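So you can see what is in the structure, the chains are spelled out below.
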Amino acid sequence: MCKNHHQHDAVTAAKISPEGASRRKFIQSSSAVGAGIMLSGLVPSLSSAAPVSSKPGQNIKSKGYAAFDESGVLKPWEFERRPVGDDDILIDIKFASICHSDIHQMKGHWAPQQYPQVPGHEIVGVVAAVGKNVTKFKVGDRAGVGCMVDGCSDCDTSENRGEQYSPKTKFTYGHPDERAPTGITQGGYATNIVVRDHFAVHIPEAISFEEAAPLLCAGVTTYSPILKFDLKPGDKVGVAGIGGLGHLAVKLAVAKGADVYAFTTTPDKVNDIKGFGAKEVIVLEDNDKLNEYRGQLDYMINTLPVAYDVAAYAAVVKPFGTYTQVGMPNGFTVSVNALALSASQVNFNASLIGDMQETQEIVDYCVEHNIRPEIQVIPASDVNKAWESVVNKTARYRYVIDSSTI
């Protein structure tokens, strides 16, 4: 396991090098990644909500960092959460990590947004209150929240496909919510959060809060397709894009016994990626390099958060192998040359985060197998600089916000 980085001044090196600019041009960079919160028809804000009270059934005071327009610039904001309901828990947030999806959504890359809006769906903390029906958690438990906070826990869609595909599911931020004082769900760059108990997971003592946070989106988003691959030792797995999601995909596939081929446009990541256990690291200056690996891999996970040529990457997978897209670019759009894709005979699919069982599983699996994300802990005041670093591809590999600094 490569060492983790816990530092508050790690974002100061977010300058764009000429090489970085060239790489961004190559993959048409902008933002985003695998959790995908697809929103439309947002309801108006209810900013004139009643004053907060500490009594049961009253709104919960919160502080956070919110975007106020499509510039995506985050600023401190005081707001209110909905009361703790009978099936809810209140979590005092300790850490929340930064996902490229946060940037995409706050900047309106996926759909028009309602503001102010607090991003963040990789959240860990301590349970501070529970509703009367809650048996899964008690006050003082360590808990985590990913991309979902409410919805159906037992309907057919949830049971058969995963809660993330249920039309009743509410995603963690920006989702219309008639119970929220602001009219929408507000995310985890904040001091606390109210969530239905079904949509929280237990965080074991054996993993630190800050290392657990990225598992709740980046971890489960890559773990879910790896489970569906049903890997056997020696299977060849490609991972494209070695950032917050990709570096965890490499570690998880290696832990499952796969030979991992990592595709990156960032040469200075090569030694890191080898340290994650990759069998081979391929640095791409253009798509021609992909031809050398045509038809060689059994599976591919593509985490690229930008528009790119799917068929060029899919060609490295063997005929009838599986290619899974988890990165979410602007407008959710990637280009596909139908003839080239058909010539590869690859089974192409996309995967949206993971269900709640998989979310608990990824946390437990990483504890059991000593898998940890590579992180840099930052104060909340550095969040805008951290976002610049994520977009410019200088993050190594997941920024985690210390919520005590909000």
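Everything that follows concerns the structure shown earlier in this document.
What you see is a predicted model, and the numbers here were worked out from it, not measured in a lab. (Residues numbered from 1 in each chain as written. Predicted model: local features only at pLDDT ≥ 70, side-chain atom pairs only at ≥ 80, totals over all residues. Heavy atoms only, no water.)

Caption draft 1: Here's a closer look at the overall build of the chain. Assigned secondary structure in the chain consists of 11 helices and 17 strands. Going through the 406 residues of the chain one by one, you find that 59% of them count as buried. Here the contacts in the chain between residues at least 6 apart in sequence split such that 73% fall between residues at least 24 apart. (Helix = DSSP H or I, 4+ residues; strand = E, 2+ residues; numbered from the N terminus. Buried < 20%, exposed > 50% of the residue type's maximum accessible area, 1.4 Å probe, protein only. Contact = heavy atoms within 4.5 Å.)

Caption draft 2: Main features of the side chain of Arg-82. Structurally, Arg-82 can be placed in the loop between β2 (74-81) and β3 (88-97). A distance of 2.4 Å separates a polar atom in the side chain of Arg-82 from a polar atom in the side chain of Asp-88. (Polar contact = N/O pair within 3.5 Å; in protein donor to acceptor, adjacent residues only side chain to side chain.)

Caption draft 3: Looking closely at the packing of aromatic side chains. Following the criterion strictly, the structure yields nine aromatic pairs and no others. Here the aromatic rings of Phe-68 and Trp-77 are separated by 6.3 Å at their centres, their planes lie at 80 degrees, and the arrangement is edge-to-face. Summarising the aromatic geometry, the rings of Tyr-308 and Tyr-313 are spaced 5.2 Å apart at their centres and angled 85 degrees between planes, so their arrangement reads as edge-to-face. Judged on exposure class, the residue Tyr-308 and its partner Tyr-313 are both buried. Ring pairing ties together the aromatic residues Phe-68, Trp-77 and Phe-79, which thus form one cluster. Above the plane of the ring of Phe-209 lies Arg-142, whose end atom (NZ or CZ) is 4.1 Å from the centre. The lysine or arginine in question, Arg-396, covers the ring of Tyr-397, its NZ or CZ lying 5.8 Å from the ring centre. (Phe/Tyr/Trp six-rings, centres within 6.5 Å; stacked < 30°, edge-to-face > 60°. Lys NZ or Arg CZ within 6 Å of the ring centre and 35° of its normal.)

Caption draft 4: A look at the packing of helix α5 (residues 218-229) against helix α10 (residues 356-368). Interaxial distance between α5 and α10 falls to 9 Å at its minimum, and their mutual angle equals 95 degrees. Viewed along their axes, α5 and α10 adopt a mutual orientation that is roughly perpendicular. Taken together, the residues of α10 that come into contact with α5 (itself represented by Gly-219, Val-220, Tyr-223, Ser-224, Leu-227 and Lys-228) are Glu-358, Thr-359, Glu-361, Ile-362 and Tyr-365. Here the contact of α5 with α10 is built from residues that sort into five nonpolar, three polar and three charged. (Axes fitted to C-alpha atoms, helices over the stretch in contact; angles between N-to-C directions. Parallel < 35°, antiparallel > 145°, perpendicular 65-115°, else oblique. Nonpolar A, V, L, I, M, F, W, Y, C, P; charged D, E, K, R; others polar.)

Caption draft 5: Structural view of the pairing of strand β1 (residues 60-67). Extensive coverage of β1 is indicated by the burial of six of its eight residues. Taken together, the eight bridges between β1 and β2 define a ladder with antiparallel strand orientation. When the sheet's bridge partners are listed, Lys-61 is paired in β2 with Glu-80. (Pairing = 2+ DSSP bridges.)

Caption draft 6: Representation of the nonpolar core within the structure. Ile-89, Val-124, Val-195, Ile-203, Leu-231, Val-250 and Leu-252 are the most contacted members of the largest nonpolar core, which has 67 residues in total. No other element matches the six residues that helix α6 (residues 244-255) contributes to this core. Per-domain counts for this core show at least three residues from each of domain 1 (3-216 + 369-405) and domain 2 (218-350). In contact with Leu-252, not counting residues within four places along its chain, are Gly-219, Thr-222, Tyr-223, Ile-226, Ile-362, Tyr-365, Cys-366 and Ile-371. Counting 24 residues, the second largest nonpolar core, distinct from the first, contains Met-106, Val-118, Tyr-189 and Tyr-399. (Core = buried A, V, L, I, M, F, W, Y, C linked by side-chain atoms within 4.5 Å. Domains from an automatic or database assignment.)

Caption draft 7: Structural context of the environment of Pro-233. Within the secondary structure layout, Pro-233 lies in the loop between α5 and β10 (236-240). Taking the relative accessible area as the measure of exposure, Pro-233 reaches 72% and is therefore exposed.

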